[in-house]
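# Structure assessment
Given next are the chains, with one letter for each unit.
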Amino acid sequence: MLLQLKFGIASFVRNYSTKVSPKLPFKKPQITNATKPRISESNSTKVSPKLPFKNPQITNASKPRISESNSTKVSPKLPFKNPQITNASKPIISESIEMQWTDQQLQVFEAIERRQSVFVTGSAGTGKTMLVQELIKLLRKIYGKRNVSVTAPTGVVACALGGQTLHSFAGVGLAEADAETLLSRVLDNRTVIKRWKTIKALVIDEISMVEGELFDKLEYIARTIREIDEPWGGIQLVVSGDFLQLPPVNVGKSSDNRKEFAFEADSWDSSFQLEVGLKTVFRQSDPELIKLLQGIRTGELDAEGLELLQQRRCFEEPDETVVRLFPRIADVNRVNDMRLKGLGEETIVYEAFDKGDKPWIDQLNRGMAPTKLQLCVGARVMLLQNLNVKGRLVNGATGTIIGFKKSCKSDIAKICEHKLLPIVKFDSGCDKEIGTHTWSVMVGDRARATRLQLPLMLAWAMSIHKSQGVTLDRLHTNLSQAFGYGMIYVALSRLRSLDGLSFSSALNPSKIMAHPKVLEYYRNHFL
Ligand SMILES: Nc1ncnc2c1ncn2[C@@H]1O[C@H](COP(=O)(O)OP(=O)(O)OP(=O)(O)O)[C@@H](O)[C@H]1O
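Residues numbered from 1 in each chain as written. Predicted model: local features only at pLDDT ≥ 70, side-chain atom pairs only at ≥ 80, totals over all residues.

So, about the overall build of the protein chain. Scanning the protein chain from N- to C-terminus turns up 18 helices and 21 strands. Across the 527 residues that make up the protein chain, the buried fraction comes to 43%. Counting contacts in the protein chain only where the partners sit at least 6 residues apart, residues at least 24 apart contribute 74% of the total. (Helix = DSSP H or I, 4+ residues; strand = E, 2+ residues; numbered from the N terminus. Buried ≥ 20, exposed ≤ 12 C-beta atoms within 10 Å, placed from the backbone. Contact = placed C-beta atoms within 7 Å.)

The ligand sits among 22 residues. The nearest are Ala124, Gly127, Lys128, Thr129 and Phe282. Sort the elements by how many residues they give to the shell around the ligand and helix 4 (residues 128–143) lands first, with three residues. In the shell around the ligand, the residues fall into seven nonpolar, twelve polar and three charged. (Near = placed C-beta within 6 Å. Nonpolar A, V, L, I, M, F, W, Y, C, P; charged D, E, K, R; others polar.)

Overall, parallel pairing links the four strands, which are arranged 19-8-20-21 in an open sheet. The sheet terminates laterally at strand 19 (461–463) and strand 21 (501–503), the two strands that pair on one side only. The mean angle between the axes of side-by-side strands here comes to 30 degrees, regardless of whether they run parallel or antiparallel. Its contacts with the sheet place helix 13 (residues 329–343) against strand 8 (323–326) and strand 19, and it is angled at close to 165 degrees to strand 19. (Pairing = 2+ DSSP bridges. Axes fitted to C-alpha atoms, helices over the stretch in contact; angles between N-to-C directions.)

Neither face of strand 5 (residues 201–204) is left uncovered, since the one carrying Ala201 and Val203 and the one carrying Leu202 and Ile204 both have all their residues buried. As paired strands, strand 5 and strand 6 (residues 236–240) are joined by four bridges and run parallel to one another. Across the sheet, residue Ile204 finds its bridge partner in strand 6, namely Val239. In this view, the connection linking strand 5 to its parallel neighbour strand 6 by way of helix 9 (residues 212–226) has right-handed handedness. (Right-handed = clockwise from strand over helix to strand, strands pointing away.)

The next point concerns the nonpolar core. In this structure, Val108, Ile112, Val118, Leu135, Ile221, Val238 and Ile488 are the most contacted members of the largest nonpolar core, which totals 124 residues. Tallying contributions element by element places helix 9 first for this core, with seven residues. When neighbours within four sequence positions are excluded, Leu135 is seen to be in contact with Val108, Ile112 and Val238. (Core = buried A, V, L, I, M, F, W, Y, C linked by C-beta atoms within 7 Å.)

Turning next to the confidence of the model for the protein chain. The pLDDT averaged across the protein chain works out to 79; a share of 80% of its residues lies at or above 70. Highest mean pLDDT in the protein chain belongs to strand 6 (98); lowest belongs to helix 1 (residues 2–19) (32). The low-confidence segment residues 1–62, where pLDDT is below 50, has 94 contacts with residues more than four positions distant or belonging to other chains. Low pLDDT (under 50) marks residues 68–97, which in the prediction has 48 contacts with non-local residues, meaning those over four places away or in another chain. Both scores are given for the predicted complex: the pTM is 0.74, the ipTM 0.97. (pLDDT = per-residue confidence, 0-100.)

This paragraph deals with the environment of Phe169. Here Phe169 shows up in helix 6 (residues 166–170). Spatially, the C-alpha atom of Phe169 lies 7.7 Å from that of Val192, the residues being 23 residues apart in sequence. If we skip the residues at most four places from it in the chain, Phe169 touches Ser149, Thr151 and Gln164.

Glancing now at unusual backbone geometry. Although it is not a glycine, Arg115 adopts a positive phi angle of roughly 65 degrees. Within the fold, Arg115 resides in the loop between helix 3 (103–113) and strand 2 (118–122).

Right, let's talk about helix 4 for a bit. Along its 16 residues, helix 4 runs 22 Å from first to last C-alpha, staying within 8% of the 22 Å computed at 1.5 Å per residue. Within the span of helix 4, buried status applies to Lys128, Thr129, Leu131, Val132, Gln133, Glu134, Leu135, Ile136, Leu138 and Leu139. The secondary structure elements touched by the buried residues of helix 4 are helix 3, strand 2, strand 3 (148–152), strand 5, strand 6 and strand 7 (274–278). A positive phi of about 90 degrees marks Gly144, the residue just after helix 4. (Expected span 1.5 Å × (residues − 1).)

In structure tokens form, the structure reads like this:
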């Protein structure tokens, strides 16, 4: 019944919104006064473009927001024809991974099929990334590869999804200027104009790191360039992330009324027909740890939780199979270099083989795949690719190099003069020869840069920022060095179980911080 109602609303909305999508009365959108966003002269960045339309489906009253309370009541029947999603329990079976999707995840697939824009949130380990990866495949099937752009604010996440950074997609450089100036910059670049005009769907992952100001500016650019008076000029949006994880870099740094978080953007509410707060946590199964992490996520750790954490304090150096998480990259490099040298073994060097132009290669450099990887027997490594989910050979799986094997494949010769493939003994028990992997920066259906490298990185230590999205069995960290909102939560929520945690300093509870604006947003929308 509830679901029917939602479908009813959705189809009403679709019909209605297609009827009322007035064409803008101009040809050159950026320069007529009529279409100019209302930007205050005194401080253009403070005032975002007002939306000149009222989209019926996006009023708070009618928009479905799915959180735990209703998700379990709804048992979705899939009403669409796509052959991959007619099987109710498995909407999509990717080539290598079979998943059982939750009701909430299924509802997102349905919304995508109905061409609706969705925002998917939820705490760490609720399957946002997994879902987004499948949604990208679905969108590409619906619209064709070239009409779907996949983006994220950071190179690490963009590379992991095979997409590009949001800034490079949008053609807005650092995006510090006001919306009007950015629009004229975009209009100077034919390739970027074409991209904005032709895409049908835009995916933005890790939205927590996108500033509200930027969100509004991009919405304005999309709507104006496309000359369609609908949110984002009619582009179907898939936005995902957890605002209680890492925030935009400048959060709390300026005293004016900047829209710091994307949900503060004027265009945020009108951008989505469906907002889903995923509730089922997959990464952890221990209810005690899940409760503890929820407390850390919202900055409300109780005395019991604090005590549980304090018990994980460890006064000895952890054994080297435990990944050390550091807030700062300098510490990561120091520990990895020191441990590698400490082994005293001859190292094999793997130099990434890159193709493409500079700005795109720069993005690859910010991703996970190292430019230069040095390995030797005994080196601790982390897998950067999902090889076999059931066998737990997933992104983040750790192991030790136990040997090397000569390969006659041509790819390996491009990155290693000795043509040696490493053999890793994974902590889960299996031995696996690791072949090369190619990362691409995709713009539509075109690879602008590619990197051939082993899908491995040294894993004695890693940064908390790079650990976002990774699942770890054991980690050691120094929480006293954490800074900013969400960092402790991101670090600890990588764990599968509490047994895998140790830290070297007493925990200062005041470092566990959740931004009040974010808490209020979640309270108002998802609780
Ligand atoms: N429907 C599902 N059924 C079973 N396992 C799932 C499902 N969805 C996700 N998972 C598993 O849960 C784990 C966490 O998923 P994922 O990384 O997508 O979570 P996330 O919400 O993106 O986490 P984070 O916010 O920390 O990046 C993964 O190991 C993934 O395989």
